[in-house]
Structures are given as structure tokens and as C-alpha cells.
Amino acid sequence: MGNDIDKLKVSAPGRVCLFGEHQDYLQLPVIPCAISLRVNVEGRRRKDNIIRISLPDIRSDISFALDQTLPYRLERDYFRSVVNVLRRHGLDNSTGFDCTVKGNIPIKAGTSSSSALVVAWADFLARMSDGESLCPPEKLSQYAYQAEVLEFNEPGGMMDQCSAAYGGVLFLKFFPALSVEQLQPPLETFVLGDSGESKDTRAVLSRVKGKVLAISNHLSLSHHGFSLQTEELAGIEKFKNELTGKDFYLLRGTIRNRDITYEARELLAREKFDGHKFGSLLNEHQQILRDVLCVSTPKINRMIDAGLEAGAYGGKINGSGGGGCMFVYAPENPASVAEAIEKAGGKSYIVHADCGSRAEPTELAG
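Overview of the structure. These numbers come from a predicted model, not from an experiment.

**Comments concerning the overall build of the chain**
Within the chain, the secondary structure is distributed over nine helices and twelve strands. For the chain, the spread of C-alpha atoms along the three principal axes comes to 70 × 50 × 40 Å. Per-residue burial over the chain gives 54% buried out of 366 residues. In the chain, the share of contacts with a sequence separation of at least 24, taken over all contacts with a separation of at least 6, comes to 73%. Charge-centre separation for the chain: the mean point of 42 positive side chains lies 3 Å from the mean point of 46 negative side chains.

**Focus: the sheet that holds strand S10 (residues 325-329)**
Spatial strand order, S9-S10-S8-S11: four strands in an open sheet with antiparallel pairing. Across the chains shown, the open sheet's two edge strands, defined by having one partner strand only, are strand S9 (314-318) and strand S11 (347-351). On average, adjacent strands in this sheet sit at an angle of 20° to one another, irrespective of strand direction. Of the pairings in the sheet, the one linking strand S8 (residues 190-194) to S10 comprises five bridges and is antiparallel in character. Of the residues in S10, the one forming a bridge with Phe-190 is Tyr-329. Sitting on the sheet, helix H7 (residues 275-291) touches S8, S9 and S10, and the angle it makes with S9 is about 40°. Helix-sheet contacts for helix H9 (residues 334-343) involve S8, S10 and S11, and the interaxial angle to S11 is about 160°.

**Regarding the pattern of salt bridges**
Scanning all chains against the criterion turns up 22 salt bridges. The partner of Arg-256 in a salt bridge is Glu-263, and the shortest N-O contact between them spans 2.8 Å. The exposure class of Arg-256 is buried, given its relative accessible area of 16%. A relative accessible area of 31% places Glu-263 in the partly exposed class. Connected via shared salt-bridge partners are Arg-38, Asp-354, Arg-358 and Glu-360.

**Thoughts on the pairing of S10**
In terms of burial, S10 is largely enclosed, as five of its five residues are buried. Where S9 and S10 come together, five bridges link them in antiparallel fashion. Bridging from a neighbouring strand, Gly-315 pairs with Val-328 of S10. Counting the residues between successive antiparallel strands, the hairpin from S9 to S10 contains six residues, one of them, Gly-319, with a positive phi of roughly 90°.

**Some thoughts on helix H2 (residues 113-128)**
With 16 residues, H2 ought to run about 22 Å at 1.5 Å a step, and its terminal C-alpha atoms sit 22 Å apart, in line with that. Taking burial as the measure, the 16 residues of H2 include 15 buried ones, the bulk of the element.

**Description of the nonpolar core**
By size, the foremost hydrophobic cluster in this structure holds 103 residues, and its most contacted members are Leu-18, Trp-121, Phe-124, Leu-251 and Phe-278. Considering every element that reaches this core, the biggest residue donor is H2, with eleven residues. Setting aside residues no more than four positions away along its own chain, Leu-251 makes contact with Ile-215, Leu-219, Phe-226, Leu-228, Ile-236, Phe-239 and Leu-243. Counting eleven residues, the second largest nonpolar core, distinct from the first, contains Val-30, Tyr-145, Met-158 and Tyr-166.

Rules used in this analysis
Residues numbered from 1 in each chain as written. Predicted model: local features only at pLDDT ≥ 70, side-chain atom pairs only at ≥ 80, totals over all residues. Heavy atoms only, no water. Helix = DSSP H or I, 4+ residues; strand = E, 2+ residues; numbered from the N terminus. Buried < 20%, exposed > 50% of the residue type's maximum accessible area, 1.4 Å probe, protein only. Contact = heavy atoms within 4.5 Å. Lys, Arg positive; Asp, Glu negative; His and termini not counted. Charge placed at Lys NZ, Arg CZ, Asp CG, Glu CD. Pairing = 2+ DSSP bridges. Axes fitted to C-alpha atoms, helices over the stretch in contact; angles between N-to-C directions. Salt bridge = Lys/Arg side-chain N within 4 Å of Asp/Glu carboxyl O. Expected span 1.5 Å × (residues − 1). Core = buried A, V, L, I, M, F, W, Y, C linked by side-chain atoms within 4.5 Å.

Take a look at the structure:
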């Protein structure tokens with residue numbers, strides 16, 4: 001064993017999707033922002049090969065031995081899958097650990113709590129591995145994506161894992177291959193609001209993704225060269241007669257969301273940042289998500305309206321939709337905005353952009 005670190009604490013952030021909601025599975029760009037709500041994995045080395053993990057936030061625990069093979073016992077057995085993936089990449093642990101996992105990211109609410117957990121756990125194990133590896137963000141996000149998505153044949157792109165590993169504001173392109181651009185806009189305060197409404201991510205993704213892909217596939221067969229990557233918004237009128245009204249509006253909304261994302265990238269990369277323009281783009285994106293993709297809810301709409309009336313510049317639902325969280329950009333009087341969202345029935349969090357996975361001072365004695 002070549003690693004003498006006895007104890008370690010690692011944390012990774014949740015995220016909001018600023019622009020590009022429902023775009024990554026179409027290989028269209030997205031702009032996520034890591035936020036100052038985090039998952040912490042803290043642990044110390046054992047003398048045997050047992051891993052014991054306490055999960056006080058969900059009143060649970062898990063334990064297993066680091067045997068040669070780790071078959072999965074749970075539907076999304078992330079603690080074992082990370083071990084398996086890291087082993088395949090040459091990162092092994094010859095000792096076990098006693099760990100505690102805590103966090104303040106809303107769970108199952110569209111803020112990427114599961115990906116933050118997987119990234120933090122992968123970072124912890126890599127740093128504590130026999131080779132003591134400090135994984136760069138590109139590798140850490142790939143390991144986490146394999147462990148969370150590919151191991152369980154789940155749908156989804158790499159937005160969440162990249163956001164938790166890199167941190168900050170990212171411009172992610174997926175076509176023709178993944179590229180990551182780290183933006184550094186002077187963003188100020190956001191207010192995140194948890195509606196408390198449970199969300200069925202799979203059902204929402206299946207409905208919206210299925211419809212858009214069906215439209216795209218139909219037009220690709222009947223119009224040579226058609227692509228969601230390149231089709232101009234001004235040129236889609238020619239498809240109006242062969243699509244239903246709803247399908248045409250869905251196509252138009254999808255292409256406009258793509259264009260909003262590119263406009264936002266330009267705005268976020270400018271030397272002089274325009275917060276009001278940023279807010280107006282958030283509002284336009286939300287209007288399409290609400291009225292065309294139909295993924296917002298009446299309660300979340302009320303929470304967004306309350307935040308805007310209290311002085312926020314713009315806002316939108318966060319994540320796949322059908323429940324979960326919303327956020328508004330509130331550089332002025334965020335406490336008043338948070339109070340307004342609470343009065344509309346949400347639980348509010350005042351947050352800002354944050355860094356990616358990192359080591360933290362450990363709180364373990366000895």
C-alpha cells in the first residue's frame with residue numbers, strides 16, 4: 001500500500017442548469033452552474049477491507065467488503081459502482097473505510113444531489129487509493145458518469161458529473177464530441193427554491209425526449225441534411241404543413257432554446273456582464289419550458305413570479321421538471337426574494353456559483 005493518508009474529507013457541489021434544459025440528450029449545448037450547496041464524504045482508513053458508510057440525512061447506512069468482485073445489490077448502487085469503475089482504471093483500495101456522508105443539496109429535486117455524491121465518493125476513493133491519485137476534472141467526471149449512468153444503463157448526458165467535478169459555470173457541447181469551456185462571468189446571488197413537489201424524472205424525460213426525437217427523425221428522413229444542430233429558426237416554416245401544430249411549436253421551442261443557450265454563452269463570456277439581459281434570457285427560456293415543453297408546474301410558476309415581483313432579474317424551473325426546484329437570479333436584496341419564495345410555498349436557499357470537487361479540512365479527531 002503506497003498511501004499513508006489516514007483520514008480525508010471531500011465535498012462536491014450541486015448545480016443549476018442556467019440554459020439548455022432538455023437539450024443535452026439531443027446533443028445540443030448546455031450551461032450549468034455549480035452552486036454552494038454540497039455533499040460531503042468524510043472518512044478514515046480501517047485496518048480491514050470493510051467499507052462502512054453512515055448516511056444520516058436519509059437515516060440509512062451501507063456496508064460491504066472490498067471483495068474481488070462487487071455485484072450490485074441496489075437499484076442505483078453508486079457506492080459499489082464507483083469502486084468497480086475506479087478499479088478498471090487502475091485505482092484500487094487495499095483497505096476499507098469508515099465514512100459519513102452529509103449534504104445540504106435538496107434530494108430528488110433536480111439539483112444533481114446524486115451526481116455530487118458520486119463525484120465526491122469517486123474523488124475520496126481516488127485520493128485514498130493505493131496510488132493516491134488526484135484526478136483532474138475531466139477524468140473525475142468521466143469516472144462518475146460511468147459509475148452513475150453507464151453501469152446502470154440510465155439515460156442522460158454528462159452535464160451533472162462535469163458540473164460537480166469542474167465547478168463554476170460551464171459551456172458544454174456534446175456534438176460531435178464532448179467539449180468543456182469554463183466561463184468566468186461575475187455572477188452574483190441566486191435564490192434556489194424547492195417546491196417540495198415530487199418529480200418523476202424518467203416519465204418527463206421519456207415524454208419530451210420521445211416527442212422531439214420523433215419529430216427530428218421524421219424530418220431527417222424527409223429532408224436531407226436536416227439537423228437540430230444547424231437548422232435555422234427562420235427556416236422552419238417550410239415544415240409547418242407536415243407537422244401537427246403542437247409538434248411544430250415543440251420544434252420551434254427546441255431550436256429557440258438552442259439559440260438562447262448560444263446567446264447566453266456570448267453574454268457570459270463578455271468582459272462587461274449585463275445582469276438584466278441575463279435575467280431576460282432566463283425568463284424566455286422558462287416561458288418555453290412552461291408553455292411549449294410543459295415541464296413546469298403551477299406552484300413553481302407561482303414561486304418564480306414571487307421571486308420576480310420581489311426584485312429578481314429572471315428565473316426558471318431547474319432540472320427535468322414536473323416538480324423539484326426553481327431558481328431566480330437575485331443580485332439585489334436576495335433575502336427579500338427568498339422570503340417571497342417562502343411565502344409562495346417553497347423552501348428557499350440563497351446560493352452562489354461554487355468550485356468543483358475539493359478536499360476539505362477534516363472534522364475527525366485524532
